[in-house]
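# Per-entry structural report
Each chain is listed here by its residues.
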Amino acid sequence: MSELYHILPSGHLESGATFHKPVQNLPERVTLNSPALDVMTDFKIVTAYTIFPLESIEEAQHKMIHRGVRLLLVVDAKNTLLGLVTSTDLMGEKPMQVIQNTGCTHVEVLVQDIMTPGDKLEVICMNDVERARAGDVLATLKASGRQHALVVDRSAPGLPQKVRGILSLSRLTRQLGVTVQTAEIARTFAEIETHLAH
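So, here is what we can say about the structure in this document.

### Comments concerning the environment of glutamate 93
Relative to the helices and strands, glutamate 93 is located in the loop between helix 2 (87-91) and helix 3 (94-102). Glutamate 93 gets classed as exposed once you look at its relative accessible area, which sits at 61%.

Here it is as C-alpha coordinates:
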(Lines give C-alpha, C1' and ligand atoms only; values in the text may rest on other atoms or scores of the structure.)
Protein backbone atom coordinates (compact mmCIF):
# COMPACT_ATOMS: atom_id res chain seq x y z
CA MET A 1 0.00 0.00 0.00
CA SER A 2 1.92 2.98 -1.22
CA GLU A 3 -0.90 5.50 -0.65
CA LEU A 4 -1.30 7.25 2.67
CA TYR A 5 -4.68 6.73 4.31
CA HIS A 6 -6.04 8.78 7.20
CA ILE A 7 -7.90 7.67 10.28
CA LEU A 8 -11.31 9.31 10.36
CA PRO A 9 -12.23 11.18 13.52
CA SER A 10 -14.67 9.31 15.75
CA GLY A 11 -16.66 10.00 18.87
CA HIS A 12 -19.35 8.43 21.06
CA LEU A 13 -22.99 7.93 20.11
CA GLU A 14 -25.08 10.59 21.81
CA SER A 15 -28.01 9.66 24.01
CA GLY A 16 -31.30 9.87 22.11
CA ALA A 17 -29.72 9.27 18.69
CA THR A 18 -31.98 7.77 16.05
CA PHE A 19 -31.40 6.63 12.45
CA HIS A 20 -32.36 7.50 8.88
CA LYS A 21 -35.20 5.64 7.23
CA PRO A 22 -35.89 5.61 3.50
CA VAL A 23 -38.59 8.12 2.62
CA GLN A 24 -40.57 8.46 -0.57
CA ASN A 25 -41.83 12.01 -0.97
CA LEU A 26 -45.19 11.51 -2.66
CA PRO A 27 -47.29 14.61 -3.30
CA GLU A 28 -49.60 15.45 -0.41
CA ARG A 29 -52.44 16.22 -2.83
CA VAL A 30 -53.25 14.71 -6.21
CA THR A 31 -56.13 14.80 -8.66
CA LEU A 32 -57.61 11.94 -10.65
CA ASN A 33 -55.48 13.13 -13.60
CA SER A 34 -52.19 12.98 -11.65
CA PRO A 35 -49.68 10.31 -12.71
CA ALA A 36 -50.30 6.95 -11.04
CA LEU A 37 -46.66 6.97 -9.88
CA ASP A 38 -47.64 9.88 -7.60
CA VAL A 39 -49.80 7.47 -5.56
CA MET A 40 -47.63 4.32 -5.64
CA THR A 41 -45.42 3.28 -2.74
CA ASP A 42 -42.19 2.34 -4.53
CA PHE A 43 -40.16 -0.43 -2.88
CA LYS A 44 -37.03 0.79 -4.66
CA ILE A 45 -37.31 3.90 -2.49
CA VAL A 46 -38.97 2.74 0.76
CA THR A 47 -38.58 -0.50 2.67
CA ALA A 48 -41.14 -3.26 2.11
CA TYR A 49 -41.87 -4.70 5.54
CA THR A 50 -42.29 -8.45 5.82
CA ILE A 51 -43.46 -11.17 8.18
CA PHE A 52 -43.27 -14.96 8.21
CA PRO A 53 -46.48 -17.03 7.90
CA LEU A 54 -45.98 -18.83 11.24
CA GLU A 55 -45.75 -15.62 13.25
CA SER A 56 -48.77 -14.67 15.34
CA ILE A 57 -51.25 -12.02 14.31
CA GLU A 58 -50.31 -10.17 17.51
CA GLU A 59 -46.74 -9.98 16.22
CA ALA A 60 -48.07 -8.75 12.86
CA GLN A 61 -50.04 -6.02 14.61
CA HIS A 62 -46.99 -5.04 16.67
CA LYS A 63 -44.84 -4.78 13.50
CA MET A 64 -47.46 -2.65 11.73
CA ILE A 65 -47.76 -0.25 14.65
CA HIS A 66 -43.99 -0.07 15.20
CA ARG A 67 -43.28 0.60 11.51
CA GLY A 68 -46.30 2.82 10.83
CA VAL A 69 -47.68 0.63 8.05
CA ARG A 70 -51.01 -1.07 7.37
CA LEU A 71 -49.73 -3.98 5.28
CA LEU A 72 -46.99 -6.59 5.53
CA LEU A 73 -45.71 -8.87 2.79
CA VAL A 74 -45.76 -12.51 3.94
CA VAL A 75 -42.54 -14.24 2.88
CA ASP A 76 -40.62 -17.47 3.43
CA ALA A 77 -36.98 -17.80 4.51
CA LYS A 78 -35.84 -17.16 0.90
CA ASN A 79 -37.93 -13.95 0.69
CA THR A 80 -40.33 -15.57 -1.77
CA LEU A 81 -43.66 -13.78 -1.57
CA LEU A 82 -46.39 -16.04 -0.15
CA GLY A 83 -49.12 -13.44 0.29
CA LEU A 84 -49.94 -10.34 2.28
CA VAL A 85 -51.69 -9.40 5.50
CA THR A 86 -53.35 -6.04 6.16
CA SER A 87 -54.54 -4.23 9.26
CA THR A 88 -58.09 -4.90 8.03
CA ASP A 89 -57.31 -8.64 8.11
CA LEU A 90 -56.09 -8.33 11.69
CA MET A 91 -59.01 -6.24 12.96
CA GLY A 92 -61.78 -7.78 10.85
CA GLU A 93 -63.73 -11.02 11.07
CA LYS A 94 -60.95 -13.37 9.89
CA PRO A 95 -59.34 -13.98 13.34
CA MET A 96 -62.76 -14.68 14.93
CA GLN A 97 -63.60 -17.14 12.14
CA VAL A 98 -60.31 -18.99 12.73
CA ILE A 99 -60.98 -19.11 16.49
CA GLN A 100 -64.52 -20.44 15.95
CA ASN A 101 -63.41 -23.02 13.36
CA THR A 102 -60.35 -24.35 15.19
CA GLY A 103 -61.02 -23.68 18.87
CA CYS A 104 -57.68 -21.91 19.26
CA THR A 105 -57.21 -18.72 21.26
CA HIS A 106 -56.53 -15.27 19.81
CA VAL A 107 -52.81 -15.48 20.61
CA GLU A 108 -52.60 -18.75 18.66
CA VAL A 109 -53.96 -17.33 15.40
CA LEU A 110 -51.13 -17.19 12.88
CA VAL A 111 -50.53 -14.89 9.93
CA GLN A 112 -50.98 -17.83 7.52
CA ASP A 113 -54.49 -18.35 8.93
CA ILE A 114 -55.75 -14.93 7.83
CA MET A 115 -53.41 -13.70 5.07
CA THR A 116 -54.43 -13.32 1.46
CA PRO A 117 -52.36 -16.00 -0.31
CA GLY A 118 -50.27 -15.12 -3.35
CA ASP A 119 -52.47 -17.04 -5.78
CA LYS A 120 -55.39 -14.79 -4.81
CA LEU A 121 -53.47 -11.55 -5.34
CA GLU A 122 -53.93 -9.52 -8.49
CA VAL A 123 -50.90 -7.68 -9.78
CA ILE A 124 -50.41 -4.77 -12.15
CA CYS A 125 -47.33 -4.40 -14.36
CA MET A 126 -45.06 -1.45 -13.65
CA ASN A 127 -45.10 -0.55 -17.36
CA ASP A 128 -48.87 -0.01 -17.14
CA VAL A 129 -48.60 2.05 -13.95
CA GLU A 130 -46.01 4.32 -15.58
CA ARG A 131 -48.56 5.24 -18.25
CA ALA A 132 -51.60 5.46 -15.93
CA ARG A 133 -53.28 8.20 -13.90
CA ALA A 134 -54.55 8.23 -10.32
CA GLY A 135 -58.11 7.89 -11.65
CA ASP A 136 -57.07 4.67 -13.41
CA VAL A 137 -55.79 3.33 -10.08
CA LEU A 138 -59.08 4.20 -8.40
CA ALA A 139 -61.07 2.53 -11.19
CA THR A 140 -58.86 -0.59 -10.97
CA LEU A 141 -59.22 -0.93 -7.20
CA LYS A 142 -62.98 -0.39 -7.49
CA ALA A 143 -63.32 -3.05 -10.21
CA SER A 144 -61.37 -5.60 -8.16
CA GLY A 145 -63.13 -4.68 -4.89
CA ARG A 146 -59.76 -4.51 -3.16
CA GLN A 147 -57.99 -1.96 -1.01
CA HIS A 148 -54.51 -2.80 -2.36
CA ALA A 149 -52.88 -3.81 -5.62
CA LEU A 150 -49.32 -5.04 -5.98
CA VAL A 151 -47.19 -3.58 -8.77
CA VAL A 152 -44.66 -5.98 -10.31
CA ASP A 153 -41.81 -5.85 -12.77
CA ARG A 154 -39.11 -8.23 -14.05
CA SER A 155 -35.40 -7.47 -14.16
CA ALA A 156 -35.12 -9.58 -17.34
CA PRO A 157 -37.38 -11.82 -19.47
CA GLY A 158 -37.76 -15.28 -17.96
CA LEU A 159 -36.86 -14.17 -14.43
CA PRO A 160 -39.49 -14.24 -11.64
CA GLN A 161 -41.70 -11.23 -11.02
CA LYS A 162 -40.54 -8.78 -8.37
CA VAL A 163 -42.95 -6.69 -6.36
CA ARG A 164 -41.92 -3.13 -7.23
CA GLY A 165 -44.53 -1.36 -5.14
CA ILE A 166 -48.07 -1.15 -3.89
CA LEU A 167 -51.14 0.91 -4.68
CA SER A 168 -53.30 1.55 -1.63
CA LEU A 169 -56.84 2.87 -1.46
CA SER A 170 -56.21 4.52 1.92
CA ARG A 171 -53.15 6.40 0.58
CA LEU A 172 -55.00 7.38 -2.59
CA THR A 173 -58.00 8.77 -0.69
CA ARG A 174 -55.70 10.78 1.60
CA GLN A 175 -53.90 12.26 -1.39
CA LEU A 176 -57.21 13.03 -3.12
CA GLY A 177 -58.35 14.84 0.04
CA VAL A 178 -61.25 12.45 0.62
CA THR A 179 -62.23 11.43 4.13
CA VAL A 180 -63.62 7.91 4.14
CA GLN A 181 -65.64 6.84 7.18
CA THR A 182 -66.09 3.13 6.49
CA ALA A 183 -63.97 0.07 5.92
CA GLU A 184 -66.56 -1.54 3.69
CA ILE A 185 -65.20 -1.43 0.16
CA ALA A 186 -68.41 -0.78 -1.82
CA ARG A 187 -69.44 2.06 0.50
CA THR A 188 -65.89 3.42 0.45
CA PHE A 189 -65.99 3.88 -3.33
CA ALA A 190 -69.46 5.44 -3.14
CA GLU A 191 -68.17 7.97 -0.59
CA ILE A 192 -65.12 8.79 -2.75
CA GLU A 193 -67.25 9.32 -5.86
CA THR A 194 -69.72 11.51 -3.94
CA HIS A 195 -66.87 13.62 -2.55
CA LEU A 196 -65.09 14.00 -5.89
CA ALA A 197 -68.34 14.96 -7.66
CA HIS A 198 -68.57 18.13 -5.55
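### Digging into the pattern of salt bridges
Here the structure, examined in full by the defined rule, presents seven salt bridges. The salt bridge partner of lysine 94 is aspartate 89, with a shortest N-O separation of 3.2 Å. Given the relative accessible area of 29%, lysine 94 is considered partly exposed. Overall, the relative accessible area of 9% leaves aspartate 89 in the buried class.

### A few points about the sheet that holds strand 6 (residues 123-125)
Spatial ordering of the open sheet is given by 1-8-7-6, a layout of four strands whose pairing is mixed. In this open sheet, the two strands that pair with only one neighbour each are strand 1 (40-42) and strand 6. With strand direction ignored, the average angle separating the axes of adjacent strands in the sheet is 35°. The pairing of strand 7 (residues 148-153) with strand 8 (residues 162-168) spans six bridges and is antiparallel.

### Some words on the pairing of strand 3 (residues 71-75)
A regular strand places its side chains on the two faces of the sheet in alternate fashion. Of all five residues making up strand 3, five are buried, and the element is well covered by its neighbours. Side chains of strand 3 alternate between two faces, with Leu71, Leu73 and Val75 and Leu72 and Val74 buried alike. As paired elements, strand 2 (residues 50-51) and strand 3 share two bridges and run parallel to each other. By the bridge assignment for strand 3, isoleucine 51 is matched with valine 74. Read as a crossover between parallel neighbours, the route from strand 2 over helix 1 (residues 57-67) to strand 3 is right-handed.

### Quick word on the nonpolar core
The biggest cluster of nonpolar side chains holds 18 residues, and the ones touching the most others in it are Val39, Met40, Val129, Val137, Val151, Leu167 and Leu172. For this core, the secondary-structure elements that each account for two or more residues are helix 5 (126-130), helix 6 (134-144), strand 7 and helix 7 (169-176). Broken down by element, this core gets its largest block of residues, four residues, from helix 6. Those residues in contact with valine 39 that lie beyond four places of it in its chain are Leu26, Val30, Ala134, Val137, Ile166, Leu167, Arg171, Leu172 and Gln175. Core analysis: the next-biggest nonpolar cluster, separate from the first, contains 15 residues, Ile57, Ala60, Leu72 and Val98 among them.

The rules we used
- Residues numbered from 1 in each chain as written.
- Predicted model: local features only at pLDDT ≥ 70, side-chain atom pairs only at ≥ 80, totals over all residues.
- Heavy atoms only, no water.
- Helix = DSSP H or I, 4+ residues; strand = E, 2+ residues; numbered from the N terminus.
- Buried < 20%, exposed > 50% of the residue type's maximum accessible area, 1.4 Å probe, protein only.
- Salt bridge = Lys/Arg side-chain N within 4 Å of Asp/Glu carboxyl O.
- Pairing = 2+ DSSP bridges.
- Axes fitted to C-alpha atoms, helices over the stretch in contact; angles between N-to-C directions.
- Right-handed = clockwise from strand over helix to strand, strands pointing away.
- Core = buried A, V, L, I, M, F, W, Y, C linked by side-chain atoms within 4.5 Å.
- Contact = heavy atoms within 4.5 Å.

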